[in-house]
Structure formats: structure tokens, C-alpha cells
Amino acid sequence: MDAESLLRRYLEQRRDVGERDLVLDHMTVEEVMRIIGATARGASRGPEPLRPRADVERAERADAAPPPQDDAPRERARDGHQPAAASSSASDEAPPASAPAPARGLEAAGDEAELFGGPISRADSLDEIATMVAKCTRCPLYKTATNPVPGEGSPHARLMCIGEAPGATEDQTGRPFVGAAGQLLTKILAAIQLTRDDVFITNVLKHRPPGNRNPMPDEVTACRPYLVRQIELIRPAVLVAFGTFAAQSLLDTKLSLGKLRGTVHRYRGIPLVVTYHPAALLRNPAWKRPTWEDVQLARRLLDSASA
Ligand code: URA
């Protein structure tokens, strides 16, 4: 693998497991500097340090308006939510030297081990993942949910739709996007000549948060290996994130939906389009037009992937 691909793969892996700091252990300074377009020779003061993605985004956000809560997909129990991957935690900070050893905190189910070698990462079919989700106790949501909602659709889907978490109807039926928002999603897909059977539909969380509250960071972390493995197994040509939560979780960013729309992002190398959540369109039909534009973009990506 060439140095640039190696660096990209390394950064994606670190980001996917929620790492915020950059420690490059397998690349030489020369290689990294070549990739970022700098040169080590003669750089007596040293190069501009590579800034962790979070720092870059913090800087970008400094003068940005707060993200709108306007596309919140489900009834909200509280506001001001950010997804797990994008949240910062005071517990990240090193304690003063004299501080006693901190009490053991919550363990988010050994995420890295799961992503790279745990049982979920070795599941070899979507059915096996569904079985694992049905038995999942990696976070407490299984206790309050009625049914698991692993996702459904074609194992050979070229397009994957990713929402936030099951709502009430999904919890009752065990199927994703089957309530009012789901019916609109079906129409959105029809607008780009796709049926539900053509695609795979799933959510960041596979169990419903009680009262449709926002997903908690530990829940997202615990559930992430399922989504990662689903994507690996399906290997779709295009991903579509519906709503701020799915987009921010997948892309590990706090950028607003408005900033994320209209660009082709990449998740593990797969083109990812961000658009409004169908539930948001039910409340604000003015967003139907931009959503239509976003899914047309997804359609073009599909077409060019098969050309
Ligand atoms: N909202 C979501 O994000 N997902 C569903 O499955 C239903 C509603």
C-alpha cells in the first residue's frame, strides 16, 4: 500500500474508533510531509503540525452558527444533543499528578476490539448481525426496547440509507423506517427509481431510545460495530445519511447539516451523501426540494459507479 493510502486508512480507523489525537507510528516524517505537501529538508523551525481533525473543525466552527435542531428526526426529550463520536469529554483530560486514580468509568463495550477482530467484526452475514443485535446487551437500550431493529433490505444493495434510531412504530414492528417518516422515505427512494427492496435501510442505533430521546454517546459507541460490519458486508456504492445525527455520527463531526449537505463525503472510502431526515420534511415541506437535490446527487453517484 502506498504511503498516502496508508495514512488515509490509518486516520479513518482512528476516527472510527473515536480517537481524537494523532499518533503516527508506522510512517516516517518524510512520508507524512510528502503527503501533506511539505518538505522536511531545510524546515529548521519544523513543519506546521498536522492538526487533529477535531481541532480543524473547532477552528472552522469558531464563527459558525450553532447547528440547527431543525431536522431532528424523532420527538425530542431534550435539546442540544451532539452525537457520541463528536462529543468531547472532560474525562479525556489527564488528571493532575497528585490526583488519586480515577474510579473506573463506563466501558463502552471495547469498541476498538470489536471493530478490529471482535465477534461482530467477524459476522459473515446480515442475518448473523441481526441475530447478534437481537441478543445484544452492549448498552442498556435492550432493556426498554420492545424489538431490536437491525435493518432490512438487499444484502447486495448499492445504496444504504442510514437514520438515527428506531422510533415507536419501528420498535413495535422490528423494522426500520416504517412509520410516517418511513413512508416518506419510500417516496424519496422512488424519486430516484429505487424501491425499499433495492436498498438497505438501517440506523445508527439498533434499539429505540426510551421516549425517542437522543442517543447517548455510549450507546452510539456500543452500537457502532454493527453498522460498520453491515457496511463492510454490503459494500454499497453509496451511503445516504438521513438527518444531522446520522451524518455527524458517521463523519465524526459537529458541522451542521446545512454545511454537510451538497458535498460528497467518504465513509471508509465509500461516497456518503447527507440530507434531511424524512421526519424533518414532514414538519417542514420546504426541505423537500433540497432533499430531492441531495438524493439526485446520490443517484448520479450510483450511476457513475456502475458506468
Ligand atoms: N427515524 C429514524 O431515524 N429511523 C427510523 O427507523 C425511524 C425513524
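Residues numbered from 1 in each chain as written. Predicted model: local features only at pLDDT ≥ 70, side-chain atom pairs only at ≥ 80, totals over all residues. Heavy atoms only, no water.

(A) Structural context of the site of the ligand. Near the ligand lie nine residues; those nearest to it are Glu164, Ala165, Phe177, Asn203 and His277. The separation between an oxygen atom of the ligand and a polar main-chain atom of glutamate 164 is 2.8 Å. For the ligand, a nitrogen atom lies 3.0 Å from a polar atom in the backbone of alanine 165. Tallied by class, residues from the shell around the ligand come to three nonpolar, three polar and three charged. (Near = heavy atom within 4 Å. Polar contact = N/O pair within 3.5 Å; in protein donor to acceptor, adjacent residues only side chain to side chain. Nonpolar A, V, L, I, M, F, W, Y, C, P; charged D, E, K, R; others polar.)

(B) The packing of helix H6 (residues 126-134) against helix H10 (residues 217-234), seen in detail. One can describe the packing of H6 onto H10 by two numbers: an axis separation of 10 Å at closest approach and a directional angle of 170°. One finds that H6 runs roughly antiparallel with respect to H10. For the pair formed by H6 and H10, the contact residues are Leu126, Ile129, Met132 and Val133 on the first element and Tyr226, Arg229, Gln230, Leu233 and Ile234 on the second. (Axes fitted to C-alpha atoms, helices over the stretch in contact; angles between N-to-C directions. Helix = DSSP H or I, 4+ residues; strand = E, 2+ residues; numbered from the N terminus. Parallel < 35°, antiparallel > 145°, perpendicular 65-115°, else oblique. Contact = heavy atoms within 4.5 Å.)

(C) Representation of unusual backbone geometry within the structure. For phenylalanine 177, which is not a glycine, the phi torsion comes out positive at approximately 50°. Structurally, phenylalanine 177 can be placed in the loop between helix H8 (168-173) and helix H9 (180-191). The phi dihedral of glutamine 193 falls on the positive side, at around 60°, and the residue is not glycine. Inspection of the secondary structure assignment puts glutamine 193 in the loop between H9 and strand S3 (200-203). Accessibility expressed as a relative area gives 58% for glutamine 193, which makes it exposed. (Buried < 20%, exposed > 50% of the residue type's maximum accessible area, 1.4 Å probe, protein only.)

(D) Representation of the pairing of strand S6 (residues 270-275). Counting buried positions along S6 gives six out of six residues, so the element sits mostly inside the fold. Covered by surrounding structure in S6 are Ile270, Leu272 and Val274 together with Pro271, Val273 and Thr275, the residues of both alternating faces. In terms of strand pairing, strand S4 (residues 238-242) meets S6 through four bridges, oriented parallel. Counterpart to valine 240 in the pairing with S6 is valine 273. Inspection of the sheet shows strand S5 (residues 265-267) paired to S6 by three bridges, in the antiparallel sense. (Pairing = 2+ DSSP bridges.)

(E) Examining the side chain of arginine 196 more closely. Within the secondary structure, arginine 196 sits in the loop between H9 and S3. Among the polar contacts listed, one links the side chain of arginine 196 to the backbone oxygen of proline 176, at a separation of 2.8 Å. Leave out the neighbours within four places in its chain, and arginine 196 touches Glu152, Gly153, Arg175, Pro176, Phe177, Val178, Gly182, Thr186, Leu189 and Ile201.

(F) Local environment of the pattern of salt bridges. In this structure the tally under the stated criterion is eight salt bridges. For the salt bridge of glutamate 232 with arginine 268, the shortest nitrogen-to-oxygen distance reads 3.3 Å. Of this pair, glutamate 232 sits in helix H10 while arginine 268 sits in the loop between S5 and S6, placing them 36 residues apart in sequence. Overall, glutamate 232 belongs to the partly exposed group, its relative accessible area being 30%. Given the relative accessible area of 24%, arginine 268 is considered partly exposed. Ionic pairing is found between arginine 299 and aspartate 303, a salt bridge with its closest N-O pair at 2.9 Å. Of this pair, arginine 299 and aspartate 303 are both found in helix H14 (residues 288-306), four residues apart, which corresponds to roughly one turn of the helix. Judged by relative accessible area, which is 17%, arginine 299 ranks as buried. Residue classification places aspartate 303 among the partly exposed residues on the basis of a relative accessible area of 37%. The network of salt bridges with common partners includes Glu152, Arg175 and Arg196. (Salt bridge = Lys/Arg side-chain N within 4 Å of Asp/Glu carboxyl O.)

(G) Structural view of the state of the cysteines. This model, assessed by the stated rule, comprises zero disulfides. Take cysteine 136: it sits in no disulfide, and the sulfur closest to it among the cysteines is that of cysteine 223, at 6.3 Å. Considering cysteine sulfurs only, cysteine 136 is the nearest to cysteine 139, which forms no disulfide, with 6.3 Å between them. Residue cysteine 139 is classed as buried on the basis of its relative accessible area of 16%. (Disulfide = S-S within 2.5 Å.)

(H) Main features of the confidence of the model for the protein chain. Of the residues in the protein chain, 63% have a pLDDT of 70 or more, and the chain-wide mean is 78. Confidence drops under a pLDDT of 50 for residues 75-97, and excluding neighbours within four residues, the segment shows 38 contacts in the predicted structure. A low-confidence stretch, residues 102-110 stays under pLDDT 50, and its non-local contacts, those more than four residues away or across chains, total six contacts. (pLDDT = per-residue confidence, 0-100.)

(I) Seen up close, H10. In a regular helix each residue adds 1.5 Å, so 18 residues correspond to 26 Å; H10 covers 26 Å between its end C-alpha atoms and thus fits that length. With respect to burial, H10 is a largely interior element, 14 of its 18 residues being buried. One or two steps after H10, the chain reaches arginine 235, where phi turns positive at roughly 50°. (Expected span 1.5 Å × (residues − 1).)

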